[in-house]
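Observations on the model geometry
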Amino acid sequence: MPQETSSIISNKAPEPVGLYPHAKRVGNLLFLSGVGPRERNSKIIPGVELDQTGNIISYDIEKQCHSVFNNVKNILEESGASWQDLVDVTVFLTNMKNDFSIYNKLWAQYFSENPPCRTTIEINCLPTPIAIELKCIAQIR
């Protein structure tokens, strides 16, 4: 018997940069689309300074981590899940060498108990001028 599928659009997370929902629920599983640190109703990326042509001058990975974790939390809560329901997270970093230690320290703070599975991958860029994006799977209880 096919499981019911529903799309979720968050009222708190930043608007998607393409045609996709923030999350898709299939049965009791929740699949989040890639989530970055942008702010809702804004092009502002916490901790990012851009030049006039939109190129990154500088960025603060710690501020971006806090913001992306908050965006994920908002999507989870609006979808009927919670932070503790995360079971698998894929993390995309644009600068593993410089950013991994800060991100890893913050991860340990946010997931001090029962952390989800995690894979961290370095990529050369993301669709917007951000340094981190999370792709998550959660179980709705």
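So, here is what we can say about the structure in this document.

**Some thoughts on the overall build of the protein**
- When its secondary structure is counted, the protein shows 2 helices and 8 strands.
- Taken from the N to the C terminus, the helices and strands of the protein come in the order β-β-β-β-β-α-β-α-β-β.
- For 141 residues, the compact-globule formula gives about 14 Å, and the C-alpha radius of gyration of the protein, at 15 Å, lands near that figure.
- Considered along the principal axes of its C-alpha atoms, the protein spans approximately 50 × 30 × 20 Å.
- Going through the 141 residues of the protein one by one, you find that 38% of them count as buried.
- Pairs at least 24 residues apart make up 67% of the contacts formed inside the protein by residues separated by at least 6 positions.
- Summed over its atoms, the accessible surface of the protein is roughly 8000 Å², and 51% of this surface lies on carbon and sulfur atoms.
- Counting 13 positive and 15 negative side-chain charges, the protein places the averaged centre of each group 3 Å from the other.

**Quick word on the pattern of salt bridges**
- Summed over all chains, the structure comprises 3 salt bridges.
- A salt bridge links Glu15 to Arg40; the nearest nitrogen and oxygen atoms lie 3.7 Å apart. Of this pair, Glu15 sits in the loop between strand S1 (5-8) and strand S2 (23-26) while Arg40 sits in the loop between strand S3 (29-32) and strand S4 (48-50); the two residues are 25 residues apart in sequence, bridging distant segments of the chain.
- The partner of Lys73 in a salt bridge is Glu77, with the nearest N and O atoms 2.9 Å apart. Of the two residues, Lys73 and Glu77 are both situated in helix H1 (residues 61-78); the distance of 4 residues between them amounts to about one turn of the helix.
- A relative accessible area of 34% means that Lys73 is categorised as partly exposed.
- For Glu77, a relative accessible area of 40% puts it in the partly exposed group.

**Quick look at the pairing of strand S5 (residues 56-59)**
- Two elements, S4 and S5, share 3 bridges in a ladder whose sense is antiparallel. By the bridge assignment for S5, Glu49 is matched with Ser58.
- Between the antiparallel neighbours S4 and S5 lie 5 residues, among them Gly54 with a positive phi of about 90°.

**Quick look at the side chain of Thr128**
- Take Thr128: it is sitting in the loop between strand S7 (117-122) and strand S8 (132-139).
- What Thr128 contacts, discounting residues up to four positions off in sequence, is Val17 and Arg38.

**Section: the state of the cysteines**
- Per the stated rule, a full pass over the model turns up 0 disulfides.
- Just so you know, Cys117 is unpaired, no disulfide at all, and the nearest cysteine sulfur is the one on Cys136, 12 Å from it.

**Observations concerning the environment of Asn41**
- Relative to the assigned elements, Asn41 resides in the loop between S3 and S4.
- Separated by 30 residues in the primary sequence, Asn41 and Asn11 have C-alpha atoms spaced 9.8 Å apart.

Cut-off values and rules
Residues numbered from 1 in each chain as written. Predicted model: local features only at pLDDT ≥ 70, side-chain atom pairs only at ≥ 80, totals over all residues. Heavy atoms only, no water. Helix = DSSP H or I, 4+ residues; strand = E, 2+ residues; numbered from the N terminus. Rg over C-alpha atoms; globule rule 2.2 N^0.38 Å. Buried < 20%, exposed > 50% of the residue type's maximum accessible area, 1.4 Å probe, protein only. Contact = heavy atoms within 4.5 Å. Areas by Shrake-Rupley, 256 points an atom, 1.4 Å probe, with all protein chains shown as cover. Lys, Arg positive; Asp, Glu negative; His and termini not counted. Charge placed at Lys NZ, Arg CZ, Asp CG, Glu CD. Salt bridge = Lys/Arg side-chain N within 4 Å of Asp/Glu carboxyl O. Pairing = 2+ DSSP bridges. Disulfide = S-S within 2.5 Å.

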